[in-house]
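Secondary and tertiary structure notes
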Amino acid sequence: VLWHAIAFGHWGLARMMLERFPPTSKDGVDVNEVHHRKGETFLHLLCQCRPFSSETASIFKVLAEAMPPALFTKVNVAGQSFLAFAAATQNFWVLRHISLRYPEQMKVLICSKEAPLRFLMQKLPVPVPPSFSSAERIPEHVAVSALLSPDASGRVPFADVAFDVSAEDSFSRFLAHRVVVASQSSVLLQ
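Let me begin by describing the structure that accompanies this report. (Residues numbered from 1 in each chain as written. Predicted model: local features only at pLDDT ≥ 70, side-chain atom pairs only at ≥ 80, totals over all residues. Heavy atoms only, no water.)

**Remarks on the environment of Phe163**
Structurally, Phe163 is set in strand 1 (residues 161-166). Taking the relative accessible area as the measure of exposure, Phe163 reaches 25% and is therefore partly exposed. Taking C-alpha positions, Phe163 is 64 Å from Arg50, a pair spaced 113 residues apart along the chain. (Helix = DSSP H or I, 4+ residues; strand = E, 2+ residues; numbered from the N terminus. Buried < 20%, exposed > 50% of the residue type's maximum accessible area, 1.4 Å probe, protein only.)

Following this line, the structure appears as structure tokens:
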């Protein structure tokens, strides 16, 4: 009866059955029920419910808590676990709840040959490598080189830091302003 209440979205009736006949009691609902033709458990059934609401989640919690470990990892006749259904429909509530509350069962499900999280990977967009565009020339009206060139007295007015860079056989010096350098370097900012 509980199966049909869930399958047809009668959440109030399903919740009442779970409250009056808790799965852990002697006369409680049977959480070991498996669909005779599809081979699915209550967790499979709940992961197929649309929309997956807070009512669905509360019933899922109660049934998952009472579910024996063997049924947790059971696959249906198509070879899919309930986790595959959750991944295929991007039901992140179920994925998160199972990961946090039942880590051992989650590990068994993830490491199975079915690899249920592959569904999620297939739905993710393929990352695109960043493209590099060559730097544009500085326009003529921006006289950056004039700002870092010596004036008539030999001083470079907008540079107060000099960097000497040397390699094995070459040497270079470039001038900069300390505020600009500090803003670009977390080490020099300190």
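**Considering the pairing of strand 2 (residues 171-176)**
Note: strand 1 against strand 2, six bridges, orientation antiparallel. The partner of Val165 across the bridge, within strand 2, is Ser172. Taking the residues that link successive antiparallel strands as the turn, the strand 1-strand 2 hairpin has four residues. (Pairing = 2+ DSSP bridges.)

**Comments concerning the packing of aromatic side chains**
For the coordinates displayed, the defined rule picks out seven aromatic pairs. Taking 5.8 Å as the distance between ring centres and 85° as the angle between the ring planes, the aromatic pair formed by Phe60 and Trp93 counts as edge-to-face. Residue Phe60 is found in helix 4 (residues 54-66), and its partner Trp93 is found in helix 7 (residues 92-101); the two are separated by 33 residues along the sequence. Summarising the aromatic geometry, the rings of Phe72 and Phe82 are spaced 5.7 Å apart at their centres and angled 75° between planes, so their arrangement reads as edge-to-face. Placement of the pair is Phe72 in helix 5 (residues 69-72) and Phe82 in helix 6 (residues 82-88), with a sequence separation of 10 residues. The exposure class of Phe82 is buried, given its relative accessible area of 0%. Following the ring pairs from residue to residue traces out a cluster consisting of Phe52, Phe60, Phe72, Phe82, Trp93 and Tyr102. (Phe/Tyr/Trp six-rings, centres within 6.5 Å; stacked < 30°, edge-to-face > 60°.)

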